[in-house]
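Examination of the molecular architecture
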Amino acid sequence: MLYRSHVMVCGGTGCTSSGSDEVAERFIEEIKKAGLDKEILVVRTGCFGLCELGPVVVVYPEGVFYSRVKPEYVPEIVEEHLLKGRPVRKYIYGESLEEKAIKPLEETPFFRKQRRIALRNCGVINPEDIREAIAFDGYKALAKVLTEMTPEQVIEEVKKSGLRGRGGGGFPTGVKWEFAYKQKETPKYVVCNADEGDPGAFMDRSILEGDPHSVLEAMAIAGYAIGANHGYIYVRAEYPLAVKRLKIAIQQAREYGLLGKDIFGTGFDFDIEIRLGAGAFVCGEETALLNSIMGKRGEPRPRPPFPAVKGVWGKPTIINNVETFANIPPIILNGGEWFASIGTEKSKGTKVFALTGKVNNTGLIEVPMGTTLREIIYEIGGGIPGGKKFKAVQIGGPSGGCIPAELLDTPIDYDSLTSAGAMMGSGGLVVMDEDTCMVNVAKFFLEFTVDESCGKCAPCRIGTKRMLELLDKITSGKGEEGDIEKLEELAKTIKATALCGLGQTAPNPVLSTLRYFRHEYEAHIKEKRCPAGVCTALLSFVIDPEKCKACGICAKNCPVGAIFGKPKTPYVIDQEKCIKCGTCIDKCPFGAIYKK
Amino acid sequence: MQGMKEASLEEKLVEKFGKDKVEKFKKSIEDYREIPGSLIAVMNDAQEIFGYLPIEVQLFISQEMKVPLTEIFGISTFYSRFTLKPSGKYKINLCMGTACYVRGAAMLLEKIKEKLGIEVGETTEDGKFSLEPTRCLGACALAPVMMINGEVFGRLTPNDVDEILKKFE
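Residues numbered from 1 in each chain as written. Chains lettered and ligands numbered in written order. Predicted model: local features only at pLDDT ≥ 70, side-chain atom pairs only at ≥ 80, totals over all residues. Heavy atoms only, no water.

You'll find chain B entered in an unreviewed UniProt entry as Fe-only hydrogenase subunit HydC, with Caldanaerobacter subterraneus subsp. pacificus DSM 12653 given as the organism.

Chain A has the name NAD(P)-dependent iron-only hydrogenase diaphorase component flavoprotein in an unreviewed UniProt entry, where Caldanaerobacter subterraneus is given as its organism.

**Quick notes on the packing of helix α2 (residues 19-32) of chain B against helix α4 (residues 55-65) of chain B**
For any two helices packed against each other, one specifies the crossing angle of their axes together with the interaxial distance. Residues and elements named next belong to chain B. One way to put it is that α2 packs onto α4 with a least axis distance of 11 Å and a crossing angle of 35 degrees. As α2 packs across α4, the resulting crossing turns out to be right-handed. Here F25, K26 and I29 of α2 come into contact with α4, specifically with F60, I61, E64 and M65. Class assignment of the residues belonging to the contact of α2 with α4 gives a composition of 5 nonpolar, no polar and 2 charged. (Axes fitted to C-alpha atoms, helices over the stretch in contact; angles between N-to-C directions. Helix = DSSP H or I, 4+ residues; strand = E, 2+ residues; numbered from the N terminus. Left-handed = near helix turned anticlockwise from the far one by under 90°. Contact = heavy atoms within 4.5 Å. Nonpolar A, V, L, I, M, F, W, Y, C, P; charged D, E, K, R; others polar.)

**With respect to the sheet that holds strand β7 (residues 260-263) of chain A**
All names here are of chain A. With mixed pairing, the 5 strands of this open sheet are ordered in space as β7-β8-β6-β5-β9. Each having just a single partner strand, β7 and β9 (317-321) make up the two edges of the open sheet. Taking each pair of neighbouring strands and ignoring which way they run, the sheet shows an average axis angle of 25 degrees. Inspection of the sheet shows β7 paired to strand β8 (residues 268-277) by 2 bridges, in the antiparallel sense. Within β8, the residue paired with G260 across the bridge is F270. Those strands touched by helix α10 (residues 212-226) are β5 (189-194), β6 (230-236), β8 and β9, and its axis lies near 125 degrees from that of β8. Contacts from helix α11 (residues 240-255) reach β6 and β8 within the one sheet, and its direction differs from that of β8 by about 165 degrees. (Pairing = 2+ DSSP bridges.)

**What to know about the domain arrangement of chain A**
When the parts come together, some accessible area is lost, and that loss is often what is quoted as the size of the interface. All names here are of chain A. Once the domains are mapped, chain A shows domain 1 (5-111), domain 2 (130-340), domain 3 (350-433), domain 4 (438-526) and domain 5 (540-595). The straight-line distance from the C-alpha centre of domain 1 to that of domain 3 is 29 Å. Listed per partner, the contact involves 8 residues of domain 1 and 8 residues of domain 3. Here domain 1 and domain 3 share an interface that buries about 600 Å² over both sides, 54% of which is from carbon and sulfur atoms. The tally of links from domain 1 across to domain 3 stands at 0 salt bridges. Residues belonging to the side of domain 1 that touches domain 3 are distributed by class as follows: 6 nonpolar, 1 polar and 1 charged. (Domains from an automatic or database assignment. Buried area = accessible area lost by both parts, 1.4 Å probe. Salt bridge = Lys/Arg side-chain N within 4 Å of Asp/Glu carboxyl O.)

**Here we look at a negative patch on the surface**
Together, A:E22, A:E25, A:E29 and A:E72 give the surface a local cluster of negative charge. Among the secondary structure elements, A:E22 is positioned in helix α2 (residues 20-33). (Patch = residues over 30% accessible without salt bridge, like charges linked within 9 Å, V, L, I, M, F, W, Y side chains within 5 Å. Areas by Shrake-Rupley, 256 points an atom, 1.4 Å probe, with all protein chains shown as cover. Lys, Arg positive; Asp, Glu negative; His and termini not counted. Charge placed at Lys NZ, Arg CZ, Asp CG, Glu CD.)

**Quick notes on the nonpolar core**
All names here are of chain A. Core analysis: the biggest nonpolar cluster contains 97 residues, and W177 and L216 have the highest contact counts within it. At 10 residues, α10 tops the list of elements feeding residues into this core. When neighbours within four sequence positions are excluded, L216 is seen to be in contact with Y139, I233, L246, A249, I250, A253, L259 and I272. Among the nonpolar cores identified, the runner-up in size contains 69 residues, and V282, A288, L446 and C457 belong to it. (Core = buried A, V, L, I, M, F, W, Y, C linked by side-chain atoms within 4.5 Å. Buried < 20%, exposed > 50% of the residue type's maximum accessible area, 1.4 Å probe, protein only.)

**Brief notes about helix α5 (residues 69-78) of chain B**
Among the residues of α5(B), B:I72, B:G74, B:I75, B:S76 and B:F78 are the ones counted as buried. Buried residues belonging to α5(B) abut α3 (39-50) and α4 of chain B.

**What about the environment of B:G121?**
Residue and element names in this part refer to chain B. As for its position among the elements, G121 is in the loop between α7 (105-116) and β2 (129-131). Under the relative-accessibility criterion, G121 is labelled exposed at 55%. Placed 23 residues apart in sequence, G121 and P144 show a C-alpha to C-alpha distance of 19 Å.

**Here we look at the domain arrangement of chain B**
Once the domains are mapped, chain B shows domain 1 (6-78) and domain 2 (90-167). Using only C-alpha atoms to locate each centre, domain 1 of chain B and domain 2 of chain B end up separated by 30 Å.

**Remarks on the UniProt feature "binding site: [2Fe-2S] cluster" (unreviewed entry) in chain B**
Residues and elements named next belong to chain B. When the UniProt feature table is mapped to this numbering, "binding site: [2Fe-2S] cluster" (unreviewed entry) covers C95, C100, C136 and C140. In summary, the annotated positions, though distributed over 46 residues, converge in three dimensions, the widest C-alpha pair being only 9.1 Å. Counting through the fold element by element, C100 comes out in helix α6 (residues 98-102). Taking the relative accessible area as the measure of exposure, C100 reaches 2% and is therefore buried. Sequence-distant contacts of C100, that is, excluding residues within four places in its chain, are made with C95, A105, A143, P144 and V145. Mapped onto the elements of the fold, C136 is located in the loop between β2 and β3 (146-148). We classify C136 as buried; its relative accessible area is 4%. (UniProt positions renumbered as here; feature names shortened; annotations may be inferred.)

Printed below as a string of structure tokens:
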């Protein structure tokens, strides 16, 4: 059936959390009421990227972008826009409004600098309907590979593209495939690592939710290239929506003969099984992941042997991350040279980032390698909210580092980020403003690593714990001369001796904050002062009796009832009870409350 | 002898959790029994069906899947999704991911702890709420967020906590 208009309602996790299900239902209901249900189709899509403004609704063919849509706006949008053809300006995303016109989505600042390859179908198709994926070239690359190319040619094309692993390490994908291809032992396996454990990252989840078929197709291509007939997707059980959509996608692909026996009548068999993770960050490390797939504790083991030689069930296995796989079909269809023409000399193509933290446009973005951090944060991200000053951006999660304002013009590529003391990681970009304490940030990540260390090797199990104790000591005002040096020594030892990637990179958040924000550590230790006003042991909230008008607003808003006073006499804060949340500062109309 | 022992373990489970749940779990075991390496999948189902993995459930899995209990206990304590104690009626999953941290999740945690009088990982005396911070819900754009029995609340401040908890009382 042909529809004159499509209402795309984002069904990603961000928008679903802000209520997009109700919005979609309301659209279906109102469109039916208006008698338009034969002309207009409501589609639940994957993530559009601009999660900050969710629930997001885009109406095609015009490409009008409605943001923060509430169910009660829907009747008006249906009546005015869909029935009478007059977009409702007051609900439209402000950046796309011009005086007399409405800009298409692609021309707004958030989208202008982006280039969507891995995310090409996210927000475009209904991920629960394989026909929509096929209409957007889904499985066309698999058909090409099976009918026109030899495995060697497929590997050559991927090598030519310069694609490197998007899960963190950045190992060349084609080389990995070739390695597995050359192994004599069979059967071989293809594994998709969808155990996205970095807190603050949701790239892989968005791809699985928005375009699961791209991953299934790429896994089958990889299977053909290395000679495997079986694939595993290892996905976190904490991602219920992604798991559900994957299951639907696998089922539909089997029904269409795109997975299973004798695909496209070429005699090639390939099927995929889902394996659920049960919450262990270390399982993102490939040897730990292999153990978990086999139903064991997810503990890493030394490499070599690499998984390409001994992987699942001791057989040759390739493990690629979700985003890496999502890049494969376009590479096959457009050629490795096309992909290699995007990006920088050593980092080809694009990278997806989850842009979060203290930035105006939080969400999911995909930019060509070589884009600078400044462009991402200030142009795409729209800068820092509340007129605050930018302090640092954290890249690469618990294995990465913080990059300061001086280095905002660093281009995003594997090597520049590593030399700046961070790493590409899987793509979490957390923006921090002047209110963030860098020592506290380092402590936050160390708490994470200590919690997630599997305990197999001593440097990680004991070393990170000792580092955390030092950071605890510093942030609670008990730091001494020499603590920084101890931290550095521990960090170097752990990096050099830990068994797996988790341990070896665990000290990075400390090392990078020490490199760029050493003065903050020193202020905590020598002056017993937290410059950002975060470390609660080092500060207290007080009311200036001169300025206080005894209005009582602070006491009313205090979430723990720590403020007392009588009319006409200045109020006081009970330091024992105060949780230092800062609500009173925000609420005081006279600016009488301050931190010291 | 073997047969008698099996029945008694199953009976204990039925007594504790009711026949429906046990039957559902037995079906799940049948689905997975022949698939190599599916122990974690079985345990995930057990966690979902029973809400936690008490020793009886672990023994039952050990017996049915023919895996030593030590290994099952090892896995139960390794992965954060598996719990050995029952949760409250409402599970509060406060997100402790980086984005939520930067936007003030620590303050929310303090407020919830104070309000309910429990620490992280504990359940209120009336069995109503348990506080289980989680790593990342993937709703970073709405940070800070928390999830109560699957319902997500975003863009929170400590002052929102009272009202949200009231909904569940």
